[in-house]
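Observations on the three-dimensional arrangement
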Amino acid sequence: MKIEELSEEEIKLLEKSDGIEKSTNEESKKSLKNIIYKVNRLEETLNNSVDVQEKLKIIYEVGKTLLASCSDNVYSQRLPVAALKTFSKHFVGLIVKNSFTLSNFKALIPNTYDIGSHSVNVAIFASLIGSKEGMNAKELNNLFLAGLLHDIGESKIDKRIINKQGKITKEERKILKKHPLESVKHLVKHSINNQELLSGVIQHHERLDGTGYPEGLKGYSISTWGQILGISDVFDALITQKSYRDAYSTFDALILMKKDMGKQFNLKYVNTLIKLLR
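Here's what I pulled together on the structure shown here. (Residues numbered from 1 in each chain as written. Predicted model: local features only at pLDDT ≥ 70, side-chain atom pairs only at ≥ 80, totals over all residues. Heavy atoms only, no water.)

**Some details on empty space enclosed by the protein**
- Overall, the coordinates contain 4 cavities of 30 Å³ or more when judged by the stated rule.
- Empty space within the largest cavity amounts to approximately 50 Å³.
- In terms of lining, the largest cavity is formed by Glu206, Arg207, Leu208, Ile222, Gly226, Gln227, Gly230, Ile231, Gln264, Phe265 and Asn266.
- Among the residues forming the lining of the largest cavity, the class breakdown is 4 nonpolar, 5 polar and 2 charged. (1 Å grid on protein atoms, 1.4 Å probe; cavity = no way out; pocket = protein on both sides within 12 Å on 5 of 7 lines; lining within 4 Å. Points joined across faces, edges and corners; volume = space filled by probe spheres on them. Nonpolar A, V, L, I, M, F, W, Y, C, P; charged D, E, K, R; others polar.)

Below is the structure:
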């Protein structure tokens, strides 16, 4: 069969380069390739910097761009799993080798929401908790990856709902609540099958008191990773400015979570973040 006789979809399947499918948006494709190149050179880039805080700044900016690009192109291009795993490995390596506190990240983290920053922030907070709880390097790498990709399913939801300034309707809330399942579907589609990782992603909106979603799980039927990611997700949401309120300080956010949301979260992990304030 000649290529002219192939359907448009068949041509797309054939025209793959470095794991990225052809897209009508060539700029997006080029942008993703550029950031993957930067990820693959991270070891060299980080080794060229002596100051640890400078290393954090470099890797944080790379991560923001990588996750923003993945989210923008999630259904037109293949998920760059190898690059995401490489990025996770380098970031976790920094966390394991250094005694970071939340103050190390304060200057890096913007107080306004964007999907790239939020994804990296949740991954950082989760891996800081996991490190203090004695997880090994392999577990931390997967937990960090789960944090990076916990909201990837939001890309399937109408941006007008996600970015809506006013109160959302019941129907819109119902649609929003589908994103953990959509995230897991997308990860499995790209052969990310680690069960702890997937349980963390699908359960990051579950709450110990049963008020969460998508399944309304209660207590310790929620996995450890689901509990840690849920705390990390809410913590980042609180320290982010919203249209209806200013951003909380890290201290005020954690005190609010402990005092007013104590029934929803495992306080052991909240207390771990509190200890990281100093």
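**Notes on the layout of surface pockets**
- In this model, the largest pocket occupies a volume close to 1,400 Å³.
- Along its surface, the largest pocket is lined by 34 residues, and Leu176, His205, Ala237, Lys242 and Tyr244 are the ones closest to its centre.
- Of all the elements in the fold, those that place two or more residues in the lining of the largest pocket are α9 (159–162), α10 (170–176) and α13 (224–238).
- The element that contributes the greatest number of residues to the lining of the largest pocket is α13, accounting for 5 residues. (Helix = DSSP H or I, 4+ residues; strand = E, 2+ residues; numbered from the N terminus.)

**Looking at the pattern of salt bridges**
- Here the structure, examined in full by the defined rule, presents 6 salt bridges.
- For the salt bridge of lysine 156 with glutamate 182, the shortest nitrogen-to-oxygen distance reads 3.5 Å. You can see lysine 156 sitting in the loop between α8 (137–149) and α9 and its partner glutamate 182 sitting in helix α11 (residues 179–189), a full 26 residues away along the chain.
- For lysine 156, a relative accessible area of 51% gives the class exposed.
- You can call glutamate 182 buried: its relative accessible area is 14%.
- The partner of aspartate 158 in a salt bridge is arginine 160, with the nearest N and O atoms 2.7 Å apart.
- With relative accessibility at 33%, the residue aspartate 158 sits in the partly exposed group.
- Connected through salt bridges with shared partners, the residues Lys156, Glu182 and Lys185 form a single ionic network. (Salt bridge = Lys/Arg side-chain N within 4 Å of Asp/Glu carboxyl O. Buried < 20%, exposed > 50% of the residue type's maximum accessible area, 1.4 Å probe, protein only.)

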